[in-house]
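In case you want the letters, here they are:
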Amino acid sequence: MAIEVRIPTILRTYTGGEKAVNADSAGAGTLSALIDSLEANHPGIKDRLIDGEDLRRFVNIYINDEDVRFIGSLEAALSDGDQVVILPAVAGGAR
Amino acid sequence: MPAEPARRPTLDRVLRIDQATYDAIVEHARRDHPVEACGMVAGPLGSDRPVRLIEMVNAAGSPTFYEYDSTDLLRLYRELDDRDEEPVVIYHSHTATEAYPSVTDINLASEPGAHYVLVSTQEHGNNAGPVEFRSYRIIDGVVTEEEVTIAAAVDTNDAAEEHS
């Protein structure tokens, strides 16, 4: 099952500069499995997306334009042809 | 506090911005004070020219923190993609402290190609008066202040606009 994943500038060091890569959700059909598949081909990227058991607070992942936090987070379901976008939060402030 | 040498503007990087965009960023910061204002100035890919100001909503609505709403963020990046643009300036205000990146700003900076502009409204708040307007590169946790050059207008009409 092939899924296109859009990679933000800051993480392209892991993808040889590629803006988008194909990943496989390994039959499990979840975001978590997809990230494991990404990690297999692009070692180090998983740690930039996941902190312990959860998605990192300042990383946004979208499946077909839906923020995964609203559709099950790492357990969000994926199907063939879905489009995944990773975007770091634009955030900061004086505190 | 960062060491003093890191705070000195370097000459190798300069932010060139037109007066109208500069004024609009300052006006946004004043209007939203005491909440932090945030936004972006996009420009054609590879041009380093900030030409299209996009005010963003601070989803945190806080005087000490800002964050683009995640849906707005996706919409914005799609739009940049469609228009062959990139973030040239990423700005926000500090409303009770100086216009220098905080530890949070440094840790969360994720656009190594962008100029991070900070405006401080601590002196005059919502009112007219001078504001601190400073620009930085933030790459891998290293902050480098850069000079800000304000022009009457930036050339928005050269070949870079035709990028396909």
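A brief structural summary. The residue numbering used here restarts from 1 in each chain and proceeds along that chain's sequence as written. Whichever chain is written first is A, and whichever ligand is written first is 1; the rest continue in order. Totals for whole chains, interfaces and linings use every residue, but because this is a predicted model, local features are given only for residues with pLDDT of at least 70 and side-chain atom pairs only at 80 or more, for both listing and counting. Each side-chain value is worked out from all heavy atoms of the structure, with water and hydrogens disregarded.

Topic: the interface of chain B and chain A
How we decide: Residue contacts are defined here by distance: any two heavy atoms, one from each residue, within 4.5 Å place the two residues in contact. Here the buried area means the combined drop in accessible surface, using a 1.4 Å probe, for two parts upon being joined, counting both sides. By definition here, a salt bridge exists when the distance from a side-chain nitrogen of Lys or Arg to a carboxyl oxygen of Asp or Glu is within 4 Å. The definition of a polar contact used here is a pair of N or O atoms within 3.5 Å, where within protein one atom must be able to donate a hydrogen and the other to accept one, and adjacent residues in sequence count solely through side-chain atom pairs. Helix and strand assignments follow DSSP, with helices taken as H or I runs no shorter than four residues and strands as E runs no shorter than two, numbered in order from the N terminus.
If you look at the interface, chain B gives 24 residues, while chain A gives 20 residues. Contact between chain B and chain A buries roughly 2,100 Å² in total, counting both sides, with carbon and sulfur atoms accounting for 56%. Sorting the residues of chain B by area buried against chain A places E67, L74 and L108 of chain B first, and these three jointly supply 24% of that buried surface. Remark: the boundary between chain B and chain A carries three salt bridges. In this structure, the salt-bridge partner of D65 of chain A is R78 of chain B, at a minimum N-O distance of 2.4 Å. For the pair chain B and chain A, the number of links is 15 residue pairs in polar contact (both at pLDDT 80 or more). By residue number, the principal contributor to the side of chain B that touches chain A is helix 2 (residues 70-82) of chain B, which donates seven residues.

Re the nonpolar core
Operational definition: For our purposes a nonpolar core is just a set of buried Ala, Val, Leu, Ile, Met, Phe, Trp, Tyr and Cys residues, chained together by side-chain atoms within 4.5 Å. Only protein chains enter the area calculation, which uses a 1.4 Å probe; residues under 20% of their type maximum are buried, those over 50% are exposed, and those in between are partly exposed.
By size, the foremost hydrophobic cluster in this structure holds 27 residues, and its most contacted members are Y68, L76, Y77 and I90 of chain B. Looking at this core, the elements with two or more residues in it are strand 7 (83-88) of chain A together with strand 2 (38-44), strand 3 (52-56), helix 2, strand 6 (115-120) and strand 7 (132-139) of chain B. The element best represented in this core is helix 2 of chain B, accounting for five residues. The contacts of Y77 of chain B, once residues within four sequence positions are left out, are L87 and V90 of chain A together with M40, P87 and E111 of chain B.

Overview of the sheet that holds strand 7 of chain A
Going by this rule: In this description, strands pair whenever DSSP reports at least two bridges between them. Here the axes come from fitting lines to C-alpha atoms, over the contacting stretch only for helices, and the angles between their N-to-C directions go from 0 to 180 degrees.
In spatial order, the strands read 2-1-7-5-6 (chain A); together these five strands make up an open sheet with mixed pairing. Of all the strands in the sheet, the pair left with one neighbour each is strand 2 (20-24) and strand 6 (66-67) of chain A. Looking at chain direction, strand 1 (residues 2-6) of chain A and strand 7 of chain A are connected through three bridges and run parallel. The partner of V5 of chain A across the bridge, within strand 7 of chain A, is V84 of chain A. Seen against the sheet, helix 1 (residues 31-41) of chain A touches strand 1, strand 2, strand 5 (59-63) and strand 7 of chain A and runs at an angle of roughly 115° to strand 2 of chain A. Lying on the sheet, helix 2 of chain B is in contact with strand 1, strand 5, strand 6 and strand 7 of chain A; it crosses strand 7 of chain A at an angle near 105°.

Considerations on the packing of aromatic side chains
This is how the line gets drawn: Two aromatic rings from Phe, Tyr or Trp, using only the six-membered ring of Trp, form a pair when their centres are within 6.5 Å; if the ring planes differ by under 30 degrees the pair is stacked, by over 60 it is edge-to-face, and anything between is tilted. A ring has a charge above it when a Lys NZ or an Arg CZ is no more than 6 Å from the ring centre and no more than 35 degrees off the ring normal.
According to the stated counting rule, one finds four aromatic pairs over all chains in the structure shown. Consider the rings of Y100 of chain B and Y136 of chain B, whose centres lie 5.3 Å apart with planes at 80°: the pair is edge-to-face. Here Y100 of chain B, found in the loop between strand 5 (85-94) and helix 3 (103-108), pairs with Y136 of chain B, found in strand 7; they are 36 residues apart in sequence, far enough to count as distant. Assessed through its relative accessible area of 6%, Y100 of chain B is described here as buried. Taking the relative accessible area as the measure of exposure, Y136 of chain B reaches 0% and is therefore buried. Over the aromatic face of F65 of chain B sits the side chain of R95 of chain A, whose NZ or CZ is 4.2 Å from the ring centroid.

Remarks on the pairing of strand 6 of chain B
All names here are of chain B. This is how the line gets drawn: The crossover handedness rule: strands pointing away from the viewer, path from first strand over the helix to second strand clockwise, crossover right-handed.
For strand 6, the tally of buried residues reaches six of six residues, placing the bulk of the element in the interior. In strand 6, alternate side chains face the same way, and those of H115, V117 and V119 on one face and Y116, L118 and S120 on the other are all buried. Pairing analysis gives six bridges linking strand 5 to strand 6, with the strands arranged parallel. Of the residues in strand 6, the one forming a bridge with S93 is V119. Each parallel crossover has a hand, and for strand 5 linked through helix 3 to strand 6 it is right-handed. Inspection of the sheet shows strand 6 paired to strand 7 by five bridges, in the antiparallel sense. Note that in strand 7 the partner of V119 across the bridge is F133.

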